[in-house]
Amino acid sequence: EADIYQTPRYLVIGTGKKITLECSQTMGHDKMYWYQQDPGMELHLIHYSYGVNSTEKGDLSSESTVSRIRTEHFPLTLESARPSHTSQYLCASSEYITGVLSGEQYFGPGTRLTVT
Amino acid sequence: KQEVTQIPAALSVPEGENLVLNCSFTDSAIYNLQWFRQDPGKGLTSLLLIQSSQREQTSGRLNASLDKSSGRSTLYIAASQPGDSATYLCAVGNGGSQGNLIFGKGTKLSVKP
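Residues numbered from 1 in each chain as written. Chains lettered and ligands numbered in written order. Predicted model: local features only at pLDDT ≥ 70, side-chain atom pairs only at ≥ 80, totals over all residues. Heavy atoms only, no water.

This part is about the side chain of threonine 77 of chain A. Residues and elements named next belong to chain A. By secondary structure assignment, the location of threonine 77 is in strand 8 (residues 76-78). Since its relative accessible area comes to 14%, threonine 77 is described here as buried. Apart from the residues lying within four places of it in its own chain, the contact partners of threonine 77 are Lys18, Ile19, Thr20, Ser64 and Thr65. (Helix = DSSP H or I, 4+ residues; strand = E, 2+ residues; numbered from the N terminus. Buried < 20%, exposed > 50% of the residue type's maximum accessible area, 1.4 Å probe, protein only. Contact = heavy atoms within 4.5 Å.)

Here you go:
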């Protein structure tokens, strides 16, 4: 069954640690996204990618970085975690047709990150 | 800059009631609009996608309408059930950002048995 996966689901980590949040999809989608969501607040796009070797910054500035070496995999990395990074991180994917539009977005279950 | 507003922020209804959730957006140059459901601590589940050329979409007890000229969309839920309790999010595919979604803050729905 085609799906989108995120690991870990929950992460509690100390300040200064390097972390990588994993996201994989089996739908063959070219476009992938990372969103950040604080409790009770709307989702904000922090990174997206049109395909392999493509990465773009989203509407919300973030200290995180992303990479896209394989179509199905879009990991997010924080080099030095801080308490201000505490949030929920959601990964999504969609079809993308060059010069046209992004299709329906499908979301993973999210990673809830707490930095102490 | 596109802004998406959802009213009301919270809604509590008895089981069986039909209800309408509202979404408004400031820039009518959208490519599509998507309604999602989010359960506490979970990811988003896509409910309906309306392309800019469409007026409405239906799936089971859900019906979403789109009026681009007035910058509005509504999500109609028929015969609500306790299992419908969740936060409902509206997101517009923005014309100025390659169709990336701009989200509203959501409407938290509680359906009482």
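For the rest of this paragraph, the subject is the nonpolar core. Where a protein is soluble and globular, its nonpolar side chains tend to be buried together. Ranked by size, the top nonpolar core spans 24 residues in total, and within it Leu33, Trp35, Leu75 and Tyr88 of chain B carry the most contacts. Apart from residues no more than four positions distant in its own chain, leucine 33 of chain B is found in contact with Cys23, Phe25, Leu48, Leu49, Ile50, Leu66, Ser73, Cys90, Ala91 and Val92 of chain B. Ile13, Leu76, Cys91 and Val115 of chain A belong to the second largest nonpolar core, which has 18 residues in total. (Core = buried A, V, L, I, M, F, W, Y, C linked by side-chain atoms within 4.5 Å.)

Attention now moves to the pattern of salt bridges. Residues and elements named next belong to chain A. If you walk through the whole model with that rule in mind, you get five salt bridges over all chains. Arginine 82 is paired through a salt bridge with glutamate 63; the nearest N and O atoms lie 2.6 Å apart. Pair noted here: arginine 82 is in the loop between strand 8 and strand 9 (87-94) and glutamate 63 is in the loop between strand 6 (56-57) and strand 7 (65-66), with a separation of 19 residues, a long-range link. Of the charged contacts, one joins arginine 70 and glutamate 72 as a salt bridge, the two residues approaching to 3.1 Å between their closest N and O atoms. (Salt bridge = Lys/Arg side-chain N within 4 Å of Asp/Glu carboxyl O.)

Formally, a disulfide is one covalent bond, and it connects the sulfur atom of one cysteine to the sulfur atom of another. This model, assessed by the stated rule, comprises two disulfides over all chains. At a sulfur-sulfur separation of 1.9 Å, the disulfide partner of cysteine 23 of chain A is cysteine 91 of chain A. Measuring the twist about the S-S bond at about -75°, one finds the cysteine 23 of chain A-cysteine 91 of chain A disulfide to be left-handed. One end of the pair, cysteine 23 of chain A, is in strand 3 (residues 19-25); the other, cysteine 91 of chain A, is in strand 9, with 68 residues separating them in the sequence. Here cysteine 23 of chain A matches cysteine 91 of chain A in class, with each residue buried. Through a disulfide, cysteine 23 of chain B is tied to cysteine 90 of chain B; the S-S separation comes to 2.0 Å. (Disulfide = S-S within 2.5 Å.)

Turning next to unusual backbone geometry. Put simply, threonine 7 of chain A and proline 8 of chain A share a cis peptide bond, and its omega is -10°. Tracing the chain through its elements places proline 8 of chain A in the loop between strand 1 (4-7) and strand 2 (10-13). In this structure, proline 8 of chain B follows isoleucine 7 of chain B across a cis peptide bond, with omega equal to 0°. Looking at the secondary structure, you find proline 8 of chain B in the loop between strand 1 (4-7) and strand 2 (10-14). The phi dihedral of asparagine 53 of chain A falls on the positive side, at around 70°, and the residue is not glycine. Along the chain, asparagine 53 of chain A turns up in the loop between strand 5 (44-49) and strand 6. Non-glycine residue alanine 79 of chain B carries a positive phi angle of around 45°. Mapped onto the elements of the fold, alanine 79 of chain B is located in the loop between strand 8 (72-77) and strand 9 (86-94). Using a relative accessible area of 36% as the deciding quantity, one classes alanine 79 of chain B as partly exposed.

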